[in-house]
Structures are given as C-alpha cells and as structure tokens.
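One-letter residues, chain by chain:
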Amino acid sequence: MSESLSHINDSKAEGKHIDDVLISSDIEKKDSFVGAETNPNVDDYISKFLEMSEDARADDQKEKQMTLKEGIKTFPKAMAWSVILSTALIMEGYDTCLLASFYAFDGFKRQFGDYYPDLGEYQIPAKWQTGLSNSYMCGQLIGLWLASVFADRIGYRKTLMPALIMCVGLIFIQFFAPTREVLLVSYVLLGINWGSYQTITVTYASEIAPASLRVYLTTYVNLCWVFGQLISAGVIKGISTMTDKYSYRIAYGIQWVWPIPILIGVYLAPESPYFLVRKGRIQEAKHSLYRLLTANSYLPDKNVVVESMVTKIQLIVKEEDAVGEGSTFKDCFTGPNLRRTRIAALTWLFQNITGATLMGYSTYFYEQAGLATSNAFTFSIIQYCLGIIGTIASWTLSQKLGRFSIYFGGMCVMIVLLLITGGLGCASSAGAGWGAGSMLLVYTFVYDSSVGPMCYCIIPEMPSAKLRQKTVMLSRMVYNISGIVVNVLTNYMLNPSAWGWGAKTGFFWAGFAICAATWAWFELPETKGRTFAELDKLFEQKIPARKFKYTIPKTFDAGEMMEKLGEHGIKNIVNEREHREYADDESL
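Residues numbered from 1 in each chain as written. Predicted model: local features only at pLDDT ≥ 70, side-chain atom pairs only at ≥ 80, totals over all residues. Heavy atoms only, no water.

Peer 1: Just to check I follow, could you spell out helix 9 (residues 180-208) for this structure?
Peer 2: One full turn of an α-helix is made of 3.6 residues, so residues set three or four places apart face in the same direction. Its 29 residues give helix 9 an end-to-end C-alpha distance of 42 Å, which sits within 8% of 42 Å, the value for a rise of 1.5 Å per residue. Judged by how many residues are buried, helix 9 sits mostly within the fold: 22 of 29 residues are covered. (Helix = DSSP H or I, 4+ residues; strand = E, 2+ residues; numbered from the N terminus. Expected span 1.5 Å × (residues − 1). Buried < 20%, exposed > 50% of the residue type's maximum accessible area, 1.4 Å probe, protein only.)

Peer 1: I keep staring at the packing of helix 16 (residues 336-352) against helix 22 (residues 451-461) and nothing clicks. Help me out?
Peer 2: In a packed pair of helices, the relevant descriptors are the angle between the two axes and the axis-to-axis distance. The interhelical angle for the contact between helix 16 and helix 22, taken along N-to-C directions, is 165°, at an axis separation of 10 Å. It follows that helix 16 is roughly antiparallel to helix 22 by the angle criterion. Pair helix 16 / helix 22 crosses with left-handed handedness. Here helix 16 contributes A344, T347, W348 and Q351 to the contact with helix 22, which in turn contributes V451, G452, C455, Y456, I458 and I459. By residue class, the composition of the contact of helix 16 with helix 22 is 7 nonpolar, 3 polar and no charged. (Axes fitted to C-alpha atoms, helices over the stretch in contact; angles between N-to-C directions. Parallel < 35°, antiparallel > 145°, perpendicular 65-115°, else oblique. Left-handed = near helix turned anticlockwise from the far one by under 90°. Contact = heavy atoms within 4.5 Å. Nonpolar A, V, L, I, M, F, W, Y, C, P; charged D, E, K, R; others polar.)

Peer 1: Teacher, can you tell me more about the pattern of salt bridges here?
Peer 2: Where charged atoms of side chains with opposite charge meet at close range, the side chains can pair. The final tally for this structure, using the stated rule, is 14 salt bridges. As a salt-bridge pair, E63 and K312 come within 2.5 Å of each other at their nearest N and O atoms. Here the residue E63 occupies a position in helix 2 (residues 40-65), and K312 occupies one in helix 15 (residues 302-322), the gap between them amounting to 249 residues. In terms of burial, E63 and K312 fall into one category: buried. Here R530 and E534 are joined by a salt bridge, their closest N and O atoms 3.9 Å apart. Salt bridges sharing common partners tie together E63, R214, K312, R403 and E461. (Salt bridge = Lys/Arg side-chain N within 4 Å of Asp/Glu carboxyl O.)

Peer 1: I tried to follow the nonpolar core on my own but got confused; where do I start?
Peer 2: A general trend in soluble globular proteins is that nonpolar side chains are found buried together. Counting residues in hydrophobic clusters, the biggest one holds 159 residues, and the most contacted among them are F49, F102, F108, Y197 and Y407. Of the residues forming this core, the biggest block, 14 residues, is contributed by helix 10 (residues 211-239). Apart from the residues within four sequence positions on either side, F102 is in contact with F108, K109, I236, I239, Y248, A251 and Y252. (Core = buried A, V, L, I, M, F, W, Y, C linked by side-chain atoms within 4.5 Å.)

Peer 1: Looking at this structure, how should I read the packing of helix 8 (residues 156-175) against helix 12 (residues 259-268)?
Peer 2: Remark: helix 8 packs on helix 12, axes separated minimally by 9 Å, with the N-to-C direction vectors making an angle of 165°. Considering their axes alone, helix 8 and helix 12 lie roughly antiparallel with respect to each other. The way helix 8 lies across helix 12 gives a crossing that is left-handed. Where helix 8 approaches helix 12, its residues R157, L160, M161, L164, I165, C167 and V168 are matched on the opposing element by P259, I260, I262, L263, V266 and Y267. When its residues are assigned to classes, the contact of helix 8 with helix 12 shows 12 nonpolar, no polar and 1 charged.

Written out as structure tokens, the structure reads:
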C-alpha cells in the first residue's frame, strides 16, 4: 500500500509540475478573458474551471501511463461487461459461416438447390448463393442505421436488448423455412439484428476501457467472430454424416442457446459513461463509473478518480460543442471529422476486400480446390482454431508493436500468401489443391493476428466522442456494402457452374491488398497509447499520419478551452459540477 501511495504522490507531483508550467499561460488567458473590469463572480468561476482542467489533465496523464497490470486490477468489472456484450457477435459469426458452409452440405443442397446433370449433384445456383449471402448484408445496413439512431437516443443497452429478444423469434423462421425464398427473408430480418450488434459492442468496449485495455477488449470482438465460425464448423462436421433430409436444422436450432444469457448480461451491465455525459446525465455517469472501477492497491479511493474521469469526459464533450461540432451524420464529413471518417471507413473496407471472404467460404473453397468433402470440413475446423490462436497472438504483438505496424505488416504478408495461393490455383495436380488449402490456413493465422482484430481497435479510436457511434456505423456500412459486392464476385469465382476460378481468386484479392498497404502507409495513423483527448488534438492540429507516433499534444489547456467556451460555457460547466457535488452530498 505504501508503494502504491508513493506512486500516486509521484504522479501527482509530476502532474503538478506540468500544471505549474501551464498555469502562467492559463492565467494570462484568464486576464484577457475577464478584461480590465474586476468581477469576483467571474473570477470564482474561472478559478473553479482551472481546477477542473487540472483534474482532467491529471486523469488523462494517469490513463496514458497506466500499465496493463494496473488496468486489469482497476477495471476487471469493465472487462467482464465488455466481454458479455461482445459475445453477441458469436451469433453472427456462427450463422454467417453456417450459411457459407451449407453450400457444401448435401442435405441443405437437396432442400434448397437444383440438380445439375452435367455435375451429377445438387448445387445452390450461383444467383441464389449471391441472394442468400447478400440478404443478411442488406438487413445489416438497416440494422446499422437503426442501431446508431437509437443508441444515440436511448443508450447502448436499451438498443441491444430488444434486438436480442427479437432474435429468438426470428430463428424460428429460419429453422422452419420450407423454401429458399422464406430462408432469404429470415436472413434479411436476422441481418437487421446483427447490424445492431456490430457497432454497439465495439463502441461500448472502447468507451468503458482505459487506453491500456482498449486493444484487448475491442479485438475480443474479432475473437467472438472466430469462436462463432469455429462452433459452426464443428457443428457442420458433426452433422455431415447424417442422411436425414432436415439434419441441417440442428445447426440452426443451436442458435437458441445464445440470446437469453446474453440478454440477462446486457440488462445488468452499466451504461457507457460517455453516452450519459453526452445526455447531461452526470450523476448516472458517476454511478456507472463506480460500477466499472474496482478499488485496489493502485486505486485506494474510487471517489477521487470517478470525479476526475467524469470531469474529463465532460470537458471533452463541451469542447466539441464549443467548436461547433454537432452530432449529425453531416458533421461526420466536415472539418477534421472528414479525415477521421475516411480513415475508419477505409480501414474496415480493406479488411473485407483483401481475401477475407475466402475464410468464410473455406469449406466450399476447399472442395472446389479439389479436396474431398470430409477433408474440406476438417480443414475448416483447423482454420478457425488457427484464427483463435492468431487473435490471441495479436494481443502479444500489441504489447510490443502499434496498431499501424500490426495492420500494415499483416497486410504485406497477406499479399505474398494470396499470390502464392493464386499460383497454386494454376496447377491441376492434387498436390496443388492441398497446397492452396494450406496457404489459406496460413493466411487465416496471419489475418487473425493482424488486420482482422486491429480493425476493431483502430476504428472506434478514430472518431470524436459525439460522433463515435455514427462514424463506426458509417464505416461498417462501407464494409457491408463492399461485402455485398464481394459476395457476388466470390460466389461466381468459386462456383463450378459459373466462373469456376477456384484458388486463382488469390490473384484478384492480392491486387486489392497491395492498394490497402499503400493507403495504410500514407494515411493510417499510429494510435497506440493515445487517450481520446490526445487523438482529438492530433486530428484538430492536422498532424500527418506518420508523425502521430512522435507528436505530444497539449490536452485540457485551460486557456485554450476558455477561449473556445466563453464565459457562458465556463459557467455552465462549473454549475454542472457544483450541482453534481450537491447531489453527492444529498445522497450521503
């Protein structure tokens, strides 16, 4: 305990030194703000505002310097709540992978496919593969928009809970679908649900975690995707030897396991303090932070830290208000926000158009590459196990390397693997088919240890606090729209009744991977170890992407904020704090 208190005192002393350097400029700004007229009332407000800015700056520095061990001991409950919400993505990873795997499943092909005499087997026609694969993508576009609107109005929890409840009923439509037309409708409706999961979970994770934990909690979303895919592959392998016409329904029925437990967890979870502060519900934000924090040797008193954290979030939001930043979709494309939106959108776009689709179609890909059906399913299971190992490996890499380094380095390796896969597709021997399958396994490990998980960390770090939900939604829309095009192309590339490219599709996606690596070098900034306040300043100052890593911004400068906020804005912030303190006293 004495060591911890000494550490805290040292941090305060360091913070005090920084504050002393800044106070002189702050006082000068105060003098120009007040003018020649002496107004004790205004002086009192400014004095209190200076104290608030010092608290916010000290908390920002403490977050920046927080170690992984300290973060785990201080935010274990935040980690648990984030994991519970993100687990909803297992359902999407499971069902979307299930559909792609069903294209190689005899029972499903007999129920929803057509017989091709020249092939001597049933196949889902390419146009129906395209329609089914794109149906949930189209539904997700609707779900993304609805989730962003409702999440900004009623919060993350209250948006996610109705979606989970409706999911239970929608699975019935999927389970009993007699025709492929009804099956398509079920995927559209379920896609609306999945769209809400995609943005809410990753945004929630980024807003309740400190910088030291953010990469782990956001990239856990990718792990949930892979978990869902692995479970799907295991279920398909288990039912692949069944001869019953409706054996595929077993795989659909397993989905009922997830919604209710997750719903209970979401109901019990605290709301994001950023959302509550944006809505002016300061007292609820404090209560939420109390539930997220855990007292320990690094944090002997939660009260002081909670107060500083609320003040910091409040100043971030108020400063955004002061510079005229609204919270509409139009604001995502104005000023510095245009750059932030563009980076987030392209980061997710390039995740989708650089060969990742081959992993979702892996079983079908392996079959078309020349492997037997049983071997194809086995390869798929191995693939998703490697995906899990890869995501965990990305956590180890994150301790040494930054977001950009992992994303860019992974993309470069993926280029090589895709070119090799395409070259093996030009050969006609059985060994080439095994080689292409092996390359896809290596590709999966590289993808899930770099580009795949890093997207979920990079994207929520790009937007401002007020526009985070909308920017993440727009970025995911770009991902889903590109996914529709990718699904169309992939179905025709792999389907033997259409183009039948097989493993040669690696050449096609390698071209886009080269474009992605080039773009990342020039525009994707390094955000490792940056607080949200620091990122706001770096974008506001238009720092070039490759200089983000080495630039130290000045956050919570009281003088600068006073100029932006004006007398009325300062009084509002101080009054909110005093009302908060009064409410705390009343609750004792």
